Structure formats: C-alpha cells, structure tokens
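# Coordinate inspection notes
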Amino acid sequence: MPFSIEAISECSLSVSCADTDQAQHIADTLRRQAVWRDVVAGIDSVAVLYDPMTITSSEAESMLRLCFDENPHSGLVGNGDEIVLRAHFGGQHGPDLEGVSRTLGIDPDTVVRCFLESSYKVAMIGFMPGFAYLSGLDERLRFDRKASPRLRVEPGSIGISGSFAGIYPLSSPGGWNLIGRVDHRSLVDWSTPQPFRLHPGCRVRFVDDGLTD
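Treat the numbers as computed from the prediction; the structure is a model and nothing was measured.

Applying the stated criterion to the full structure yields 8 salt bridges. Two residues, E154 and R152, come together in a salt bridge whose shortest N-O distance is 2.9 Å. R152 sits in the partly exposed class, given a relative accessible area of 48%. Taken together, the shared-partner salt bridges connect D96, K146 and R150 into one network.

Let us now look at the packing of helix α3 (residues 97–104) against helix α4 (residues 108–117). For any two helices packed against each other, one specifies the inter-axial angle together with the distance between the axes. At a minimum axis distance of 9 Å, the contact between α3 and α4 shows a crossing angle of 95 degrees. By the angle class used here, α3 and α4 are roughly perpendicular. Along the contact surface, α3 presents L97, E98 and S101, while α4 presents P108, V111 and V112. In terms of residue class, the contact of α3 with α4 is built from 4 nonpolar, 1 polar and 1 charged.

For the structure shown, the criterion picks out 0 disulfides. Not part of a disulfide, C11 finds its nearest cysteine sulfur in C17, a span of 19 Å.

Counted by the stated rule, this structure contains 10 aromatic pairs. When the ring of Y133 is compared with that of W176, the centres are 5.5 Å apart and the planes differ by 75 degrees; the resulting orientation is edge-to-face. Note that Y133 is positioned in strand β7 (residues 132–135) and W176 in the loop between β11 (172–174) and β12 (177–182), a separation of 43 residues in sequence. As far as the burial class goes, Y133 and W176 line up, both buried. Of the aromatic side chains, those joined through ring pairs into one cluster are F131, Y133, F164, Y168 and W176.

Among all positions in α4, only P108, V111, V112, C114, F115 and L116 are buried. Capping of α4 at its N-terminal end is provided by D107; its side-chain oxygen lies 3.1 Å from the backbone amide nitrogen of D109.

The next subject is the confidence of the model for the chain. Considering every residue of the chain, the mean pLDDT works out to 84; 91% of them sit at 70 or more. For the chain, the element scoring lowest by mean pLDDT is helix α2 (residues 57–70), at 77; β12 scores highest, at 95.

Relative to the helices and strands, S12 resides in strand β2 (residues 12–16). Looking at S12, its side chain comes within polar contact range of the side chain of S9, at 2.6 Å.

It is worth spelling out the sheet that holds strand β1 (residues 5–9) at this point. Strand order in the open sheet formed by 4 strands is β1-β2-β4-β3, with antiparallel pairing between adjacent strands. Of all the strands in the sheet, the pair left with one neighbour each is β1 and β3 (38–41). Averaged over all adjacent pairs, the angle separating strand axes in this sheet is 25 degrees, with direction ignored. In this sheet, strand β4 (residues 45–49) lies alongside β3 in antiparallel orientation, the contact comprising 4 bridges. Paired with V39 across the strands is V48, a residue of β4.

What follows deals with the sheet that holds β12. Strands in a sheet are paired, the pairing made by backbone hydrogen bonds, and the direction either parallel or antiparallel. In space, the 7 strands of this closed barrel follow the order β5-β12-β9-β10-β7-β6-β13, with mixed pairing throughout. Neighbour to neighbour, the strand axes of the sheet diverge by 40 degrees on average, direction disregarded. Alignment of strand β5 (residues 82–89) against strand β13 (residues 203–208), held across 6 bridges, turns out to be parallel. In the sheet register, R86 faces β13, and the bridge partner there is V207.

Analysis parameters
Residues numbered from 1 in each chain as written. Predicted model: local features only at pLDDT ≥ 70, side-chain atom pairs only at ≥ 80, totals over all residues. Heavy atoms only, no water. Salt bridge = Lys/Arg side-chain N within 4 Å of Asp/Glu carboxyl O. Buried < 20%, exposed > 50% of the residue type's maximum accessible area, 1.4 Å probe, protein only. Axes fitted to C-alpha atoms, helices over the stretch in contact; angles between N-to-C directions. Helix = DSSP H or I, 4+ residues; strand = E, 2+ residues; numbered from the N terminus. Parallel < 35°, antiparallel > 145°, perpendicular 65-115°, else oblique. Contact = heavy atoms within 4.5 Å. Nonpolar A, V, L, I, M, F, W, Y, C, P; charged D, E, K, R; others polar. Disulfide = S-S within 2.5 Å. Phe/Tyr/Trp six-rings, centres within 6.5 Å; stacked < 30°, edge-to-face > 60°. Polar contact = N/O pair within 3.5 Å; in protein donor to acceptor, adjacent residues only side chain to side chain. pLDDT = per-residue confidence, 0-100. Pairing = 2+ DSSP bridges.

Next up, the structure:
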C-alpha cells in the first residue's frame with residue numbers, strides 16, 4: 001500500500017499502515033535507525049518522534065519515504081518470539097466467562113477451547129504499562145466491553161473486548177470481559193531493566209491449566 005505520512009506535532013510524524021502486522025514491522029525497521037528519538041507502533045499507524053533541533057519535519061518525512069522506497073516489502077513480517085502462558089479459566093479466575101458464554105450461546109468449555117486454539121500476536125502495548133493487546137481472537141468470541149468497568153482487575157487477568165484479547169500485568173480498573181488468568185509473575189520481572197515480558201510483535205500461546213472451575 002502507499003504510505004501516508006502526516007505531522008502530528010512539531011517533533012513527530014504518523015505513518016498510516018494497512019494493519020497491526022505492517023505497523024509492527026515498520027516500527028521494528030525504524031528502531032534500527034539511530035536518527036529517531038522514539039518509534040511507537042499502534043493498531044494501524046506508527047508514530048515517529050525526531051529531534052527538531054537536528055532535522056526539520058520535511059527532512060524527517062523525506063527520510064521516511066526513502067526508507068520505504070528502499071524497503072518496498074515493508075508489509076512483510078517475521079514470526080517473532082513465542083511466549084507460552086499457563087492459564088486458569090472461569091470461576092474466580094474468569095468471573096465473566098459464564099456471562100460471555102450465555103450471551104454468545106456456546107457453553108463455557110467451548111469458549112475456553114476456542115480461546116486456546118487461537119494464535120495470538122502482541123499488536124501493541126497500551127492503556128497501562130505492559131498491557132498487551134493480542135490480535136488473533138476467534139471471531140466467535142468477539143464481545144463488547146463491559147458497560148460499567150470494574151474498579152479493580154486482578155493482575156494476570158485475561159480479558160476480551162471487540163476483536164482483541166488482552167492481559168492485565170498489574171491490578172487496575174478495567175472494562176474488559178475477564179475469562180481467565182495467568183500467574184502475573186510470568187508477565188513482570190521487576191529485577192530486569194525491561195520488566196514487562198510481552199512486547200509488540202511476539203506471539204503468545206495459552207496452555208490450559210484446568211478447564212472451567
């Protein structure tokens with residue numbers, strides 16, 4: 001696709017993309033170029049920040065277009081790392097599983113199996129530090145977010161909202177429908193410089209640690 005580039009501030013540009021895979025691939029490519037202050041991948045765009053004391057907006061745009069001209073297959077992506085997470089579903093671990101099941105018209109075990117059989121990729125990190133938006137959710141499980149968010153969601157909770165699954169690495173308010181939970185210690189390690197394990201582009205596979213309880 002032809003790339004659309006527009007200024008979003010005096011020191012940043014936005015690159016439109018076809019989808020999350022393309023956005024992540026473009027961001028990975030640009031991060032290898034030392035000229036940019038920061039590169040942030042979104043759902044269907046990439047924000048590119050530069051130092052206005054070093055280069056002008058028009059120079060930054062020209063550099064981006066040159067990069068795309070030299071890499072005409074920027075829509076292609078690799079598989080990335082795969083992270084396997086063990087999860088419990090239903091009951092206290094997934095308090096919304098029963099409600100999701102009733103609304104969708106399929107039994108809870110089928111909801112869990114559909115979720116486990118899907119192949120996920122971290123499309124972006126947002127909402128809160130380390131919160132992973134996972135693309136690849138089975139179309140049968142697509143579900144609107146809750147009308148009234150919870151005041152507290154337990155860390156490690158797995159939620160679904162729209163076309164995404166998501167994992168809360170920390171406790172926080174939240175409006176996603178919670179169907180399961182992983183051990184939050186598998187998501188965060190505060191002893192490392194980059195404490196959050198999930199990152200854009202990596203693949204995630206869930207393993208059942210026991211069906212609905």
